[in-house]
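For reference, the chains in residue letters:
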There are 4 protein chains.
Amino acid sequence: MESIKKSKQELRSEETKRSIAEAAGNLFTERGYDTVTMREIAKEANCSHTTIYLYFKDKEALLEQLAIPPLQTLEAAFLSVMNEKSLDPTGKLLEISRHFLRFCLSHKSMVTVIFNVKSVRVDEVNPAGEVNQLRNRLFSHLTESVNRIIPAETSEARINHSRVYFFVMNGMVSTYLNSEEPLEPLLERIIPLLDQSIEIVLLGIKHKLEQVQNPLKGQTKGQKDKEKSKKDKKQKVKKSKIEG
Amino acid sequence: MESIKKSKQELRSEETKRSIAEAAGNLFTERGYDTVTMREIAKEANCSHTTIYLYFKDKEALLEQLAIPPLQTLEAAFLSVMNEKSLDPTGKLLEISRHFLRFCLSHKSMVTVIFNVKSVRVDEVNPAGEVNQLRNRLFSHLTESVNRIIPAETSEARINHSRVYFFVMNGMVSTYLNSEEPLEPLLERIIPLLDQSIEIVLLGIKHKLEQVQNPLKGQTKGQKDKEKSKKDKKQKVKKSKIEG
Amino acid sequence: MESIKKSKQELRSEETKRSIAEAAGNLFTERGYDTVTMREIAKEANCSHTTIYLYFKDKEALLEQLAIPPLQTLEAAFLSVMNEKSLDPTGKLLEISRHFLRFCLSHKSMVTVIFNVKSVRVDEVNPAGEVNQLRNRLFSHLTESVNRIIPAETSEARINHSRVYFFVMNGMVSTYLNSEEPLEPLLERIIPLLDQSIEIVLLGIKHKLEQVQNPLKGQTKGQKDKEKSKKDKKQKVKKSKIEG
Amino acid sequence: MESIKKSKQELRSEETKRSIAEAAGNLFTERGYDTVTMREIAKEANCSHTTIYLYFKDKEALLEQLAIPPLQTLEAAFLSVMNEKSLDPTGKLLEISRHFLRFCLSHKSMVTVIFNVKSVRVDEVNPAGEVNQLRNRLFSHLTESVNRIIPAETSEARINHSRVYFFVMNGMVSTYLNSEEPLEPLLERIIPLLDQSIEIVLLGIKHKLEQVQNPLKGQTKGQKDKEKSKKDKKQKVKKSKIEG
DNA sequence: TATGAATGAGCTTTCATTCAT
DNA sequence: TATGAATGAAAGCTCATTCAT
């Protein structure tokens with residue numbers, strides 16, 4: 001597409017760049033950004049460490065350029081699922097969530113480095129502009145997918161409820177981020193957990209909403225107790241300042 | 001109380017140690033153990049980096065001493081709540097969860113450093129022995145508190161369901177860990193979110209169990225669709241290998 | 001011989017390594033291993049201290065690599081002399097001693113660092129294994145060369161007498177080790193001193209042995225006095241505890 | 001003597017100074033100057049490390065002040081022996097040599113630090129003035145004691161011959177300086193070696209001089225061979241440039 | 001394009017020394 | 001007099017990065 005014919009040199013050059021990116025990706029993923037050295041990347045990529053600087057301005061740029069394509073691919077996957085006619089909103093949310101979980105666990109460095117605002121310094125001239133934009137779009141896709149399912153009450157309630165979804169997602173990613181289990185078996189094992197968790201959360205939200213609309217029905221003893229104890233909750237919160 | 005009179009020197013010394021601990025805690029939290037330097041800690045604590053070594057053997061000891069007492073206090077709080085006669089199991093879980101959330105957000109360094117297994121190297125001779133033991137006990141207290149609520153089905157189901165609780169907790173902590181909002185207002189704001197999230201999860205689990213026991217009742221359309229779509233889920237998982 | 005053509009880079013690299021080794025050797029010699037810093041070595045070698053680490057794993061490795069090849073060359077010289085048919089035992093000892101003195105004064109660092117047991121730590125896992133082996137072999141070559149000359153009396157007497165040789169050698173090395181005179185003129189000047197000293201010692205030993213075999217002949221007045229004074233020597237030794 | 005009455009404070013102060021000096025002396029002796037820290041000295045002296053600075057300007061001054069009294073004592077011992085009527089010159093030399101050896105081995109730090117010119121910086125304003133003067137006087141006493149024994153030939157010959165004595169002394173000190181054997185047993189063991197070595201050297205010198213005066217008598221085969229081989233000695237020296 | 005050589009900044013840690021009480 | 005608190009200088013070493021070929 002881009003060029004009908006590439007000289008051997010060009011091909012070789014591309015291959016070098018690709019192998020550097022692959023090596024860096026693997027190492028960042030396995031051991032995080034900070035602990036990986038340029039020389040290690042070079043060794044893994046079978047080139048000199050100085051060669052890396054021919055293709056990437058510096059270590060941080062390497063990380064960024066490494067991040068953008070996967071994020072774009074992820075967004076494409078999100079959009080594809082959202083436009084899938086054969087799935088209902090819940091199905092779409094599940095599928096998107098699976099994509100998201102898989103992405104985070106297969107690009108570990110991105111979770112810590114890109115999703116943590118701090119590490120991508122904002123004090124530079126638009127250093128991670130594209131990355132940030134992508135990040136924001138991804139989150140809004142997720143939010144939208146959740147909101148399509150939860151019946152519209154007051155927008156405040158809806159927002160609060162949708163947060164539970166994010167907590168679960170964030171929690172799953174955090175929980176399995178440092179797992180040493182190989183990716184595929186790990187996913188095979190935890191995607192059912194993801195499905196189940198989302199199912200539970202949606203079910204919980206549904207019944208919570210029903211409860212609010214019809215407060216006398218379906219309460220368990222625990223719930224009633226809780227209701228009672230709500231009176232002094234605030235006080236409890238205060239009391240629990242256990243640390244200096 | 002502790003001592004009637006403290007010399008000015010003693011006070012100064014205590015203050016220095018305290019400010020070092022605080023600075024280290026904050027910095028570890030924000031940027032992790034490895035990337036924070038002793039000189040940075042010293043700068044933040046308004047002292048020379050060599051002064052740190054007067055109070056802490058080395059960087060690792062600084063981390064450990066930072067961690068142990070709060071963790072012990074947290075465990076004491078856990079036990080106190082668990083023995084509280086006036087609370088039902090749900091109330092206990094809520095209260096424990098609040099303690100846990102408050103702890104994580106007020107000791108941010110511990111979340112990244114201690115709860116992430118990697119950072120506390122395991123290849124050394126009992127490097128963080130006491131820390132690890134504490135950590136394990138805390139988790140077992142949480143697990144137990146959850147299990148007291150969820151009706152005993154198969155133990156597998158129970159374990160899986162209780163995981164949702166952990167995902168939510170972990171997710172909340174991760175979400176607000178980097179918040180720059182001051183601690184107390186933040187907690188004031190998000191503890192209702194915590195209560196609500198746990199409530200939703202427990203409600204979801206309860207109804208999920210009922211569903212399983214009585215599979216025909218109470219299904220929503222979304223649920224049925226999901227059921228249908230389960231057939232090709234595995235295939236989907238395979239298909240979604242979107243990255244090399 | 002070794003390679004027909006060397007690139008400029010190779011030459012530069014070799015020159016750098018050589019100048020580092022030279023600088024380190026000189027400084028170790030003058031001020032000992034511990035007090036010399038990597039930065040000082042670098043300054044003397046006209047390079048950055050980090051450059052040293054390109055050529056030597058660490059400071060200890062620098063020391064070792066500095067020591068082994070010269071020690072091997074020295075042993076080769078020893079063996080060559082010892083197998084030289086045209087020299088009688090005394091001639092061999094003289095020649096070997098000259099080699100030894102030249103070596104010590106032209107590799108000053110090795111005298112303090114290698115011949116002083118302490119500096120090469122023994123508490124590590126075989127830290128200077130090869131160096132120690134070489135060292136031991138060298139000393140046994142020297143011992144053997146001395147023993148070929150001194151007529152075999154009781155082995156104890158022989159050992160004691162041969163020690164005088166070592167004291168002289170060690171003393172000469174110590175005396176001229178810190179000389180600032182250039183090596184060649186210095187050697188030109190002191191090798192006659194060495195020859196003379198060994199000659200004197202051998203002559204002394206010879207006559208001492210004769211004396212013992214035939215105790216009445218050839219005593220000087222001084223000797224007789226000494227003999228007399230031997231009675232209270234032990235007491236003198238005790239008396240001479242002049243320091244607390 | 002110095003003051004008829006000392007206040008309790010003065011006594012206590014002197015005691016502190018003494019205990020610091022003792023501690024420093026012990027540690028310097030055992031482990032050398034560089035490796036001993038001020039805090040260690042303080043610990044050994046049962047005081048704070050800051051207290052040391054009340055009595056000694058700095059670490060180097062501590063070492064110096066530590067050195068002077070023993071050196072003075074040593075000189076006094078030298079003079080006492082030299083004035084001893086009951087000893088002949090050889091007996092005096094032996095006794096002085098014993099004192100000297102004992103001193104060096106019981107004040108190890110002084111050997112390396114004071115007898116090695118380098119370590120006592122000369123670029124300061126008379127930093128070690130008294131120490132240097134003492135040092136020089138001690139050496140001249142030794143030289144004189146040797147010269148009283150060796151029959152006066154040409155002064156050049158005398159000087160050269162007397163050097164052998166210094167080589168032996170220097171060699172013995174160097175050899176046993178780092179011995180880990182306790183001092184007293186060590187001395188008990190090596191003072192006979194010292195006596196013997198000096199005896200041999202004096203005997204050797206005596207016969208050497210006789211040889212020179214009467215060159216045909218008393219040559220051994222080895223000596224003759226050596227004489228023969230002298231022709232090409234210079235050439236040998238040249239040839240033995242074995243190192244680059 | 002590619003690389004080996006070289007470096008400056010910076011890391012953790014130690015130590016002699018000064019400050020303030 | 002005596003001391004705990006605090007510090008600057010400097011150690012060995014690593015790493016991302018630039019230079020020269």
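Rules used throughout
- Residues numbered from 1 in each chain as written.
- Chains lettered and ligands numbered in written order.
- Predicted model: local features only at pLDDT ≥ 70, side-chain atom pairs only at ≥ 80, totals over all residues.
- Heavy atoms only, no water.
- Helix = DSSP H or I, 4+ residues; strand = E, 2+ residues; numbered from the N terminus.
- Buried < 20%, exposed > 50% of the residue type's maximum accessible area, 1.4 Å probe, protein only.
- Contact = heavy atoms within 4.5 Å.
- Areas by Shrake-Rupley, 256 points an atom, 1.4 Å probe, with all protein chains shown as cover.
- Near = heavy atom within 4 Å.
- Polar contact = N/O pair within 3.5 Å; in protein donor to acceptor, adjacent residues only side chain to side chain.
- Nonpolar A, V, L, I, M, F, W, Y, C, P; charged D, E, K, R; others polar.
- Salt bridge = Lys/Arg side-chain N within 4 Å of Asp/Glu carboxyl O.
- Phe/Tyr/Trp six-rings, centres within 6.5 Å; stacked < 30°, edge-to-face > 60°.
- Lys NZ or Arg CZ within 6 Å of the ring centre and 35° of its normal.
- Axes fitted to C-alpha atoms, helices over the stretch in contact; angles between N-to-C directions.
- Parallel < 35°, antiparallel > 145°, perpendicular 65-115°, else oblique.
- Left-handed = near helix turned anticlockwise from the far one by under 90°.
- pLDDT = per-residue confidence, 0-100.

Engineer: Explain the overall build of chain A here, please?
Structural biologist: A count of helical and extended segments in chain A gives 11 helices and zero strands. For chain A, the α and β elements follow one another from N to C terminus as α-α-α-α-α-α-α-α-α-α-α. The buried share among the 244 residues of chain A stands at 47%. Here the analysis covers contacts within chain A between residues at least 6 apart in sequence; of these, 64% occur between residues at least 24 apart. Carbon and sulfur atoms make up 53% of the accessible area of chain A, which totals about 13,200 Å².

Engineer: Explanation requested: the protein's contact with DNA strand F in the structure shown.
Structural biologist: Neighbouring residues of DNA strand F: 41 residues in total, closest Thr50(B), Thr51(B), Tyr55(B), Thr51(D) and Tyr55(D). Sugar plus phosphate, as a fraction of atoms of DNA strand F within 4 Å of the protein: 55%. Measuring from a phosphate oxygen of DNA strand F, one finds a backbone N or O atom of Met38(C) at 2.8 Å. Take Thr50(D): an N or O atom from its side chain is 3.5 Å from a base oxygen of DNA strand F. Secondary-structure elements contributing two or more residues to the surface near DNA strand F are α2 (38-44) and α3 (49-55) of chain A, α1 (8-31) and α3 (49-55) of chain B, α2 (38-44) and α3 (49-55) of chain C together with α1 (8-31) and α3 (49-55) of chain D. Tallied by class, the residues present in the surface near DNA strand F amount to 12 nonpolar, 19 polar and 10 charged.

Engineer: For this particular structure, what's the right way to read the protein's contact with DNA strand E?
Structural biologist: Taken together, the neighbourhood of DNA strand E is formed by 41 residues, with Tyr55(A), Arg39(B), Thr50(C), Thr51(C) and Tyr55(C) sitting nearest. Within 4 Å of the protein, atoms of DNA strand E come from sugar and phosphate in 54% of cases. One of the side-chain nitrogen or oxygen atoms of Arg39(A) is found 3.3 Å away from a base nitrogen of DNA strand E. In the model, a base oxygen of DNA strand E is placed 3.1 Å from a nitrogen or oxygen of the His49(B) side chain. For the surface near DNA strand E, the class distribution of residues is 12 nonpolar, 19 polar and 10 charged.

Engineer: Looking at this structure, how should I read the pattern of salt bridges?
Structural biologist: Oppositely charged side chains can pair when the atoms bearing their charge come close. Under the definition given, this model contains 40 salt bridges over all chains. Note that Arg98(C) and Glu95(C) form a salt bridge whose closest N and O atoms lie 2.3 Å from each other. With Arg98(C) and Glu95(C) both in helix α5 (residues 89-106) and three residues apart, the pair spans about one turn of that helix. Summarising the burial analysis for this pair, Arg98(C) and Glu95(C) share the class buried. Where Glu75(D) meets Arg137(D), a salt bridge forms, and the shortest distance between an N and an O atom there is 2.6 Å. With Glu75(D) in helix α4 (residues 59-82) and Arg137(D) in helix α7 (residues 129-147), the pair connects residues that are 62 residues apart, well separated along the chain. Judged by its relative accessible area of 11%, Glu75(D) is buried. Overall, Arg137(D) belongs to the partly exposed group, its relative accessible area being 36%. Here the salt bridges do not stand alone but share partners, grouping Glu15(A), Arg18(A) and Glu22(A) into one network.

Engineer: Mind showing me how you'd approach the packing of aromatic side chains here?
Structural biologist: To describe a pair of aromatic rings, one takes the distance between the centres and the angle between the planes. A full pass over the atoms with the stated rule returns 21 aromatic pairs over all chains. On the basis of an interplanar angle of 70 degrees and a centroid distance of 5.4 Å, the ring pair of Tyr165(A) and Phe166(A) is categorised as edge-to-face. You can call Tyr165(A) buried: its relative accessible area is 4%. Members of the aromatic cluster, each reached through a chain of ring pairs, are Phe78(D), Phe100(D), Phe139(D), Tyr165(D) and Phe166(D). Stacked on the ring of Tyr33(B), the Lys or Arg Lys59(B) has its end atom at 4.7 Å from the ring centre.

Engineer: Mind showing me how you'd approach the packing of helix α5 (residues 89-106) of chain D against helix α9 (residues 183-213) of chain D here?
Structural biologist: For any two helices packed against each other, the geometry comes down to the angle between their axes and how far apart the axes lie. All names here are of chain D. Packing of α5 against α9 leaves a shortest axis separation of 10 Å and a crossing angle of 140 degrees. Considered as vectors, α5 and α9 are oriented oblique to each other. Note that α5 runs across α9; the crossing there is right-handed. Within the contact between the two elements, α5 uses Thr-90, Leu-93, Leu-94, Ser-97, Arg-98, Leu-101, Arg-102, Leu-105 and Ser-106 and α9 uses Leu-183, Glu-184, Leu-186, Leu-187, Ile-190, Ile-191, Leu-194, Asp-195, Ile-198 and Leu-202. Taken together, the residues of the contact of α5 with α9 sort by class into 12 nonpolar, three polar and four charged.

Engineer: Hey, could you run me through the packing of helix α8 (residues 155-177) of chain C against α9(D) in this one?
Structural biologist: At a minimum axis separation of 10 Å, α8(C) and α9(D) run at an interaxial angle of 75 degrees. The orientation of α8(C) with respect to α9(D), classified from their angle, is roughly perpendicular. Where α8(C) abuts α9(D), its residues Asn160(C), His161(C), Arg163(C), Val164(C) and Phe167(C) lie against Leu193(D), Gln196(D), Ser197(D) and Ile200(D).

Engineer: Mind showing me how you'd approach the side chain of His207(C) here?
Structural biologist: Secondary-structure assignment places His207(C) in helix α9 (residues 183-213). Of the residues examined, His207(C) reaches a relative accessible area of 14% and is grouped as buried. Ignoring anything within four residues of it in the chain, the contact list for His207(C) reads Leu203(D) and His207(D).

Engineer: Got a minute to help me understand the confidence of the model for chain A in this structure?
Structural biologist: Any segment with low pLDDT has predicted coordinates that should not be analysed in fine detail. Residue and element names in this part refer to chain A. Scored by pLDDT, chain A has a mean of 78; 76% of the residues are at 70 or more. Considering only residues more than four positions removed or in separate chains, one finds that residues 117-128, a stretch of pLDDT under 50, has 14 contacts. The low-confidence segment residues 218-244, where pLDDT is below 50, has 33 contacts with residues more than four positions distant or belonging to other chains.

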